[in-house]
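# Notes for the structure review
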Amino acid sequence: MQIDFAAIEKKWQSEWEKNRIFEADPDEKPKFFITIPYPYLNGNLHAGHTRTLTIGDAIARYMRMRGYNVLFPMGFHVTGTPIIGLAELIAKRDERTIEVYTKYHDVPKDVLLGLTTPEKIVEYFSNEALKALKGIGYSIDWRRVFTTTDEEYQKFIEWQYWKLKEKNLVVKGSHPVRYCPHDQNPVEDHDLLMGENATIVEFTVIKFYLDDNEKIIFPCATLRPETVFGVTNIWVKPTKYVLAKVNDETWFVSKEAYEKLTYTDKKVELIKEVDAKDFIGKFVINPLTKNKVPILPAEFVDTDNATGVVMSVPAHAPYDYVAIEDLKKNEEYLKKFNLDKSLIENLKPIVLIKVEDENYEIPAKEIVEELEIESQNDVEKLEKATKVLYKKEFHKGVLLEITGSYTGIKVSQIKDRLTQDLIEMGIGDVFYEFSEKPVVCRCGTKCVVKLVKDQWFLNYSNPEWKKRVLEHLESMKIIPDYYKEEFRNKIEWLKDKACARRKGLGTRIPWDKEWLIESLSDSTIYMAYYILAKYINSGELKAENITQELLDYVFLGIGDVSEVAKSSKLSKELVERIKMDFEYWYPVDLRSSGKDLVANHLLFFLFHHVAIFPPDLWPRAIAVNGYVSLEGKKMSKSKGPLLTMKRAVKEHGADVTRMYILYAAEYDNDADWRRKDVEGLANHLRRFYSLALEYYTKEQKQLTKLDKWLISRFQRAIKETIEAMDNIQTRRAVNTAFFEVMADVRWYLRRGGENLGVIFDDWLKLLAPFAPHICEELWHLKHDTFISLEDYPEFDESKIDVGAEAIEEYLKTLIEDAKEILKFVEEPKEIYISPAEEWKKEVVNIVLRCNNMKDAMKEIMSNEKFKKMSKEVSAFVKRAFKEKKDGLLVFEINEFEVIKENIKFLEKELGVKVSLDSDKIPESKKKAAMPGKPAIFVI
RNA sequence: GCGGGGGUUGCCGAGCUAGGAAAAGGCGCAGGGCUUAAGACCCUGUCCCGUAGGGGUCCGCGGGUUCAAAUCCCGCCCCCCGCACCA
């Protein structure tokens, strides 16, 4: 049947808008404030947005029908660099960009070419987004829309930053970034030619002093500073190094290290190039133990890794152990450096870590021997030995007495503490290095780690702040629940975040105007801004009115109305009204978002709320959903493929698009958009529509047992749908409310049901959150209210009819069994059916007697005749217990009567004459009968 | 490496925290019905064997507990995602 989805959708969208039914203001009902992260507008809204937003809208509509006053607002995010980047690419007529934006974002080429400034892009895409969001029928309160570059919004952001500053949560500091010396810019992943997987690792530098010249420092770099207690010597590569002035010290480092140091916050100056050979054989002092140890040559030293000077810990480092053994064996090499063999022979490994349950003499020695490592050239095995040993010691190792005050500390917990101590003592430092190399910029230049100085940071590492966030997390609802653990881990992992930028759209840091506030940091508590936005859009509130005092008062209750009104040049009444709005709507009851925002936005969302607002205004719940792929392929905004929201709606209709995306996947699972499946769903909806036309307005007849079955089954669907929606399981909800009910409807019609209309009022309501337009249209066949504002159906236990359900179940199995038998009979003439009353009583009695299935099964299974059919019996007993729990043991149904009453139906289904004459059934067949499974005999 | 999730029938996916028949629902495929026809719709089948409702196999792999395990316990293999200054 042809249905003009588009016309129906347009009609109701305009009705909703005209009647302002989604504009939410405080009232006496309980409130529900749901927000979805505003989309970033460097392109059109796509299927990914569609998923997150449709889930949000379905929840909003559901909660509204459940009796809540629901606020579902939306804004647009445009701060940051990508929009500027896009404007530049369009201005440059970048071919790839033009292709992607015309082909995938559906921007007409002539329009696209005009989008050469960030402002034009923002204007264009926000208009498009608005059209898309309205065209899919989201129940958004559009009076509150805004864009993050609005002057008023910037006032709000400034306020937020002042609050953080007051609490000392924005601090100055330095941080290491990947940096391209040629471009003189930090590099992001997509700017890299090589080394995308490299991370920045922090080496601890320990300053060994040259014995005969205390001014020269050998800065040994290590990832395991605790091994400083086991140093027997230090290694340098026999090649050219340099002496450099680093701050006020003289360091001996590799040439590469010198280069790298120039990008740090240290003052660095080259003194001269030196030959490492001139230092080999000399001694340095271990600054912590004061031990005097020799400088020795080693070929394995990589001058391009950290300082190019390393400590040797033969007890715990396989490389060091082997290198020393190599030296002992190679007299010629020793001679070359004028080294005395006895010096080497006297190097005794110093063990400083004990691994629980193991009794190694010298761990490195043992593993080297175990793996039969011959020399330091055996790199592959050495890497393996190192990895195995380090891992074991890191996880299970404990420091021995030799480490003095660190005795007993776990290796896994020592690094940061010891490094900190060393720095405080003036004998330590840190050196940042890439975890893998090379790291090369797109321009071909090798990247370095640069320490950006004097930057503003959000002090997320602040333990007090973290603690409060963690505590709040425990009281929140996180959906799905295992993401709570994920959040816990991420909160602990979160470090200080640089929050200032040179480039991009955004708000300037109010006390340091040369910096822009980084765009993730300006979108943390903006849900509060939706309250203001209504008044801003109505013209009652202007940028100049939005003073610090006003926001302090509205959001935090600080200050006095009269003064606030005066300073903000607003009426007292308006100030109070805004404040009351805020107090009514806040906190956010649910933030529903894509899973990509867990480790960033959602985290910051929590941190900033905890920092700025009192505990009763902290968010209550977070829900996380997965991505959408297209025909199995990952979508990409910048490369394609991409399906825009508008296109999906245009091609398939809003309701089909919504329902498909809600049904395609649950929670954080990814959904796949498959055109064929979408069309299949459209058919289902058409079928639903025509069923409604046929039965909804039809006059009802007297209710039969079958009708009661339908009603009973439908009650179960209501219950499960509500349960699913309360858990934000839209897939389960649609599956139940639509597909499973549909399956029951099919059976109902097949059984000759005529009163399908009895469930339709409720069925339409049940489906309204998912397919609101169609439901609204059909609802109006009989009503003149908005279904969107009706009460959601409630589970009514009194309508459950276990007896009716048992009958239909019974008939289904009976038909199934009979058909199974009929397969084997060539020309069936008649089928005899006879219930097994005796066995049934026996089993039912046991079930009634026993408290649980386990005991019942034990008893039943002790009977040989049941044991033979353990599968069938257990199934029956399981059902019996379920029914027993539901209050009635429906297997009390009179099978004989049921068959008798439905004999016509059975004959129609089976295509043969059905008879209830048990005398005609041979004993052998009667034996196969079970409770609920009558004896069947075909002639 | 660390952390989170997961491996179920041709596919997508329930079920797995309360152990109880090859295991919901959707898709696909095959056959049949309806229809002038197509589409839609309805029915049946879709692990293997079977001329009586049965038997066998089965939920990543290997063990164990139990009358009974996809579900509980132990060991192993494999896959996906995050690890940041980017929205």
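In this text the structure is predicted, and so the values were computed from the model without any measurement.

The rules behind the values
Residues numbered from 1 in each chain as written. Chains lettered and ligands numbered in written order. Predicted model: local features only at pLDDT ≥ 70, side-chain atom pairs only at ≥ 80, totals over all residues. Heavy atoms only, no water. Helix = DSSP H or I, 4+ residues; strand = E, 2+ residues; numbered from the N terminus. Rg over C-alpha atoms; globule rule 2.2 N^0.38 Å. Buried < 20%, exposed > 50% of the residue type's maximum accessible area, 1.4 Å probe, protein only. pLDDT = per-residue confidence, 0-100. Axes fitted to C-alpha atoms, helices over the stretch in contact; angles between N-to-C directions. Parallel < 35°, antiparallel > 145°, perpendicular 65-115°, else oblique. Contact = heavy atoms within 4.5 Å. Expected span 1.5 Å × (residues − 1). Polar contact = N/O pair within 3.5 Å; in protein donor to acceptor, adjacent residues only side chain to side chain. 1 Å grid on protein atoms, 1.4 Å probe; cavity = no way out; pocket = protein on both sides within 12 Å on 5 of 7 lines; lining within 4 Å. Points joined across faces, edges and corners; volume = space filled by probe spheres on them. Nonpolar A, V, L, I, M, F, W, Y, C, P; charged D, E, K, R; others polar. Near = heavy atom within 4 Å. Pairing = 2+ DSSP bridges. Salt bridge = Lys/Arg side-chain N within 4 Å of Asp/Glu carboxyl O. Right-handed = clockwise from strand over helix to strand, strands pointing away. Phe/Tyr/Trp six-rings, centres within 6.5 Å; stacked < 30°, edge-to-face > 60°. Lys NZ or Arg CZ within 6 Å of the ring centre and 35° of its normal. Bend = angle between axes of the 7 residues up to and from the residue. Core = buried A, V, L, I, M, F, W, Y, C linked by side-chain atoms within 4.5 Å.

## Observations concerning the overall build of chain A
Each helix and strand counted, chain A has 36 helices and 31 strands in total. For 939 residues, the compact-globule estimate of 2.2 N^0.38 gives 30 Å, and chain A exceeds it by more than 25% at 37 Å. Oriented by its inertia axes, the alpha-carbon framework of chain A measures out at about 115 × 85 × 55 Å. Within chain A, the proportion of its 939 residues that are buried is 55%.

## Quick word on the confidence of the model for chain A
Per-residue confidence for chain A gives a mean pLDDT of 89, with 96% of residues at or over 70. Taken over the whole predicted complex, pTM reads 0.86, whereas the ipTM for its chain interfaces reads 0.93.

## Quick look at the packing of helix H25 (residues 705-726) against helix H26 (residues 730-750)
The N-to-C vectors of H25 and H26 enclose an angle of 170 degrees; their axes lie 8 Å apart at closest approach. For the element pair H25 / H26, the angle class is roughly antiparallel. Along its contact with H25, which presents Leu 706, Asp 707, Trp 709, Leu 710, Arg 713, Phe 714, Ala 717, Glu 720, Thr 721, Glu 723, Ala 724 and Met 725, the element H26 presents Arg 732, Ala 733, Thr 736, Ala 737, Val 741, Asp 744, Trp 747 and Tyr 748.

## As for helix H29 (residues 802-822)
Compared with an ideal rise of 1.5 Å per residue, which puts 21 residues at 30 Å, H29 spans 30 Å between its outermost C-alpha atoms and is within 8% of the ideal. If you check the start of H29, you find a side-chain oxygen 3.2 Å away from the backbone N of Gly 803, and it comes from Asp 801.

## Focus on empty space enclosed by the protein
To find leftover empty space, one rolls a probe the size of a water molecule over the atoms. The tally for this structure, following the rule as stated, stands at three cavities of 30 Å³ or more. A volume near 70 Å³ is recorded for the largest cavity. Along the walls of the largest cavity sit Arg 51, Ile 55, Ser 592, Ala 623, Val 624, Asn 625, Ala 665, Glu 666, Tyr 667, Ile 728 and Thr 730, which together make up its complete lining. For the lining of the largest cavity, the elements supplying multiple residues, two or more each, are helix H2 (47-65) and strand S25 (621-625). Considered class by class, the residues forming the lining of the largest cavity number six nonpolar, three polar and two charged.

## Brief notes about the protein's contact with RNA strand B
Near RNA strand B lie 61 residues; those nearest to it are Tyr 40, Arg 501, Asn 600, His 684 and Val 938. Among the atoms of RNA strand B lying within 4 Å of the protein, the sugar-phosphate backbone contributes 61%. Lys 495 is positioned with one of its backbone polar atoms (N or O) 3.2 Å from a base nitrogen of RNA strand B. Within the side chain of Asn 735, an N or O atom sits 2.6 Å from a sugar or linking oxygen of RNA strand B. Element by element, the count of residues in the surface near RNA strand B is highest for H26, at six residues. Along the lines of polarity and charge, the residues of the surface near RNA strand B split into 21 nonpolar, 13 polar and 27 charged.

## Some points on the sheet that holds strand S26 (residues 628-630)
Taken in spatial order, the three strands of this open sheet run S27-S26-S28, and their pairing is mixed. This sheet does not close on itself; its edge strands, each paired only once, are strand S27 (633-634) and strand S28 (671-673).

## Examining the pattern of salt bridges
Counted according to the given criterion, the structure contains 58 salt bridges. Between Lys 207 and Glu 249 there is a salt bridge, and its shortest N-O distance comes to 3.0 Å. Placement of Lys 207 in strand S6 (residues 200-210) and of Glu 249 in strand S10 (residues 249-254) is noted, with a sequence separation of 42 residues between them. For Glu 249, a relative accessible area of 22% corresponds to the partly exposed category. Between Arg 732 and Glu 723 there is a salt bridge, with the nearest N and O atoms lying 3.0 Å from each other.

## Here we look at the environment of Val 914
In this fold, Val 914 is placed in strand S30 (residues 913-915). C-alpha separation for the pair Val 914 and Ile 899, spaced 15 residues apart in sequence, amounts to 9.2 Å. Setting aside residues no more than four positions away along its own chain, Val 914 makes contact with Ile 831, Ile 833, Ile 903, Leu 906 and Glu 907.

## Quick look at the pairing of strand S24 (residues 590-594)
The element S24 is extensively covered by neighbouring structure, given that five of its five residues are classed as buried. Where strand S1 (residues 31-35) meets S24, two bridges bridge the pair, whose relative direction is parallel. Note on S24: the bridge partner recorded for Thr 35 is Arg 591. Of the strand pairs in this sheet, S24 and S25 are connected by four bridges, and their pairing is parallel. Across the sheet, residue Gly 594 finds its bridge partner in S25, namely Asn 625. With helix H21 (residues 598-612) bridging S24 and the parallel S25, this β-α-β connection has right-handed handedness.

## Some points on the packing of aromatic side chains
Considering all chains together, one arrives at 52 aromatic pairs under this definition. Aromatic pair Trp 12 and Phe 786: ring centres 6.4 Å apart, planes at 90 degrees, arrangement edge-to-face. With Trp 12 in helix H1 (residues 5-18) and Phe 786 in the loop between helix H28 (772-779) and H29, this residue pair connects regions lying 774 residues apart in the sequence. Phe 786 matches Trp 12 in its accessibility class, with the two residues each being buried. Each ring, one from Phe 555 and one from Phe 613, has its centre 6.3 Å from the other, and the planes form 85 degrees; the classification is edge-to-face. Of this pair, Phe 555 sits in helix H18 (residues 548-556) while Phe 613 sits in the loop between H21 and S25, and the two are 58 residues apart along the sequence. Overall, Phe 613 belongs to the buried group, its relative accessible area being 3%. Sitting over the face of the ring of Tyr 179, Lys 450 holds its NZ or CZ atom 4.9 Å from the ring centroid. When the ring centre of Tyr 553 is taken as reference, the NZ or CZ atom of Lys 579 above it lies at 5.0 Å.

## So, H26
For H26, with 21 residues, the first-to-last C-alpha span of 29 Å sits near the 30 Å given by 1.5 Å per residue. Of all the bends in H26, the greatest, near 35 degrees, is centred on Thr 736. Note on H26: the residue one or two positions beyond its end, Gly 752, has a positive phi of about 90 degrees.

## Some points on the nonpolar core
One broad trend across soluble globular proteins is that nonpolar side chains are buried collectively. In this structure, Phe 156, Phe 487, Phe 555, Phe 613, Phe 688, Trp 763 and Phe 770 are the most contacted members of the largest nonpolar core, which totals 220 residues. Ignoring any residue separated from it by four or fewer positions in sequence, one finds Phe 613 in contact with Ile 525, Ala 528, Phe 555, Leu 556, Phe 582, Tyr 586, His 608 and Trp 618. By size, the runner-up hydrophobic cluster in this structure holds 47 residues, among which are Ile 234, Ala 276, Leu 399 and Ile 427.

## Topic: the side chain of Asn 42
In this structure, Asn 42 sits in the loop between S1 and H2. On the basis of relative accessible area, Asn 42 is assigned to the buried category, the value being 14%. With residues up to four places along the chain from it excluded, the contact list for Asn 42 reads Pro 82, Ile 83, Leu 86, Tyr 101, Phe 125 and Lys 637.

## A closer look at the environment of Glu 797
Along the chain, Glu 797 falls in the loop between H28 and H29. When the C-alpha atoms of Glu 797 and Lys 719 are compared, they prove to be 9.4 Å apart, with 78 residues separating the residues in sequence.

## Observations regarding the side chain of Glu 777
In this structure, Glu 777 sits in helix H28. In this structure, Glu 777 is in contact with Ile 8, Lys 11, Trp 12 and Tyr 689, ignoring residues within four places of it in sequence.

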